[in-house]
Amino acid sequence: MKDVHKSSSGASGFERDHDDHLFDPRAREAMTRFAGGENTLALEAAAAVRTAVHAVERMRSHGAEGRGLSSGALDILIRLSATPDDGISIGDLAQAAGVSSRNVTGLVDTLERDGLARRVPDRNDRRSVLAQITPDGLAWIEAFRRPTQAAMAAIFRGFTPAELTQLRHLCLRLADNHRRLADHLSRTADRTT
């Protein structure tokens, strides 16, 4: 793709190609070298996704850390706020968050230490415990809701509802492709062992 003119993004360092689409010239240069002259579009798209994820996470973390929570703990607390009143298992919470049970256990420990979550016995299985949000956790979420909505509105300013829907769709397609590839690789590894 031919680099035509600088973006109005200013300090971001992004430029626009001949179709007026943004690209990162530093990522393009690095991916061109890496790919040895092959097409870099998928590699540049992956780099752009990472850049966007980091931007959104920095915004979320900025608001959460000012209130004493990491981005990961915030994600778990938000998920706990949407679970049934009796709670959710660590395994189910980990699966919903797309992270390991070990990771969620540590995050629930942090939330529990801060009084935002607690572990309660599972009424249906005496051997299990469930994670549950506390009243203080619900109050924390309520106080965080408006600033978060304002921050996300600002970071997605200028996006149409159709663009946001398409962005969501494309990101979830990436995640679904990853899941399928991981399943395939797991089955392949199982056959070779």
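Everything in this summary refers to the structure shown in the same document. The residue count restarts for each chain, going from 1 along the sequence in the order it is written. Whole-chain, interface and lining totals are the exception, using all residues; otherwise, since this is a predicted model, local features are given only for residues with pLDDT of at least 70 and side-chain atom pairs are given and counted only at 80 or more. Hydrogens and water molecules were not included; the side-chain quantities draw on all heavy atoms of the structure.

**Structural notes on the side chain of Asp122**
Step number 1: Secondary structure elements follow DSSP: runs of H or I no shorter than four residues count as helices, runs of E no shorter than two count as strands, and numbering proceeds from the N terminus. Within the secondary structure, Asp122 is located in strand β4 (residues 117–122).
Step number 2: Think of it in three bands: with a 1.4 Å probe and only protein chains considered, a residue is buried below 20% of the maximum accessible area for its type, exposed above 50%, and partly exposed in between. We treat Lys and Arg as the positive residues and Asp and Glu as the negative residues; His and chain ends play no part in the count. Salt bridges are defined by distance alone: a side-chain nitrogen of Lys or Arg within 4 Å of a carboxyl oxygen of Asp or Glu. Arg123 provides the closest opposite charge to the buried, salt-bridge-free Asp122, at an N-O distance of 6.7 Å.
Step number 3: Here Asn124 takes part through its backbone nitrogen, which lies 2.8 Å from a polar atom of the side chain of Asp122.
Step number 4: Whether two residues are in contact is decided by their heavy atoms, any of which lying within 4.5 Å being enough. The residues contacting Asp122, other than those within four sequence positions of it, are Ser128, Val129 and Leu130. Any pair of N or O atoms that falls within 3.5 Å is considered a polar contact. Within protein, one atom must be able to donate a hydrogen and the other to accept it, and sequence-neighbouring residues count only if both atoms are side-chain atoms.

**A short note on a nonpolar patch on the surface**
Step number 1: Each patch groups residues whose relative accessible area exceeds 30% and which form no salt bridge, using 9 Å between like charges and 5 Å between nonpolar side chains of Val, Leu, Ile, Met, Phe, Trp and Tyr. What sets the accessible areas is the Shrake-Rupley method with a 1.4 Å probe; for residues, cover comes only from the shown protein chains. On the surface, a nonpolar cluster with roughly 230 Å² of combined accessible area is contributed by Val49, Val53 and Leu174.
Step number 2: Structurally, Leu174 can be placed in helix α7 (residues 161–192).
Step number 3: Classification of Leu174 by relative accessible area gives partly exposed; the value is 47%.

**Quick notes on unusual backbone geometry**
Step number 1: The residue Asp20 is not glycine, and still its phi comes out positive at about 70°.
Step number 2: Its location among the elements puts Asp20 in the loop between β2 (15–17) and β3 (22–23).

**Details of the nonpolar core**
Step number 1: Of all hydrophobic cores here, the largest spans 22 residues; its most connected members are Ile76, Leu77, Leu80, Leu93, Leu111 and Trp140.
Step number 2: Elements with a minimum of two residues in this core: α3 (71–81), α4 (90–97), α5 (101–113), β5 (125–133) and α6 (135–155).
Step number 3: It is α3 that contributes the most residues to this core, 5 residues altogether.
Step number 4: For Leu77, the contacting residues outside a window of four places in its chain are Leu69, Leu111, Leu116, Ile133, Gly137, Trp140 and Ile141. Definition used in this section: a nonpolar core is a set of buried Ala, Val, Leu, Ile, Met, Phe, Trp, Tyr and Cys residues joined via side-chain atoms within 4.5 Å.

**Topic: the pattern of salt bridges**
Step number 1: Under the criterion given, the structure shown has 12 salt bridges.
Step number 2: In this structure, Asp24 engages Arg26 in a salt bridge whose closest nitrogen and oxygen atoms are separated by 3.2 Å.
Step number 3: On the basis of relative accessible area, Arg26 is assigned to the exposed category, the value being 53%.
Step number 4: Measuring nitrogen to oxygen at the nearest pair gives 2.5 Å for the salt bridge that ties Arg119 to Glu112.
Step number 5: Counted as one network, the salt bridges with shared partners bring together Asp176, Arg179, Arg180 and Asp183.

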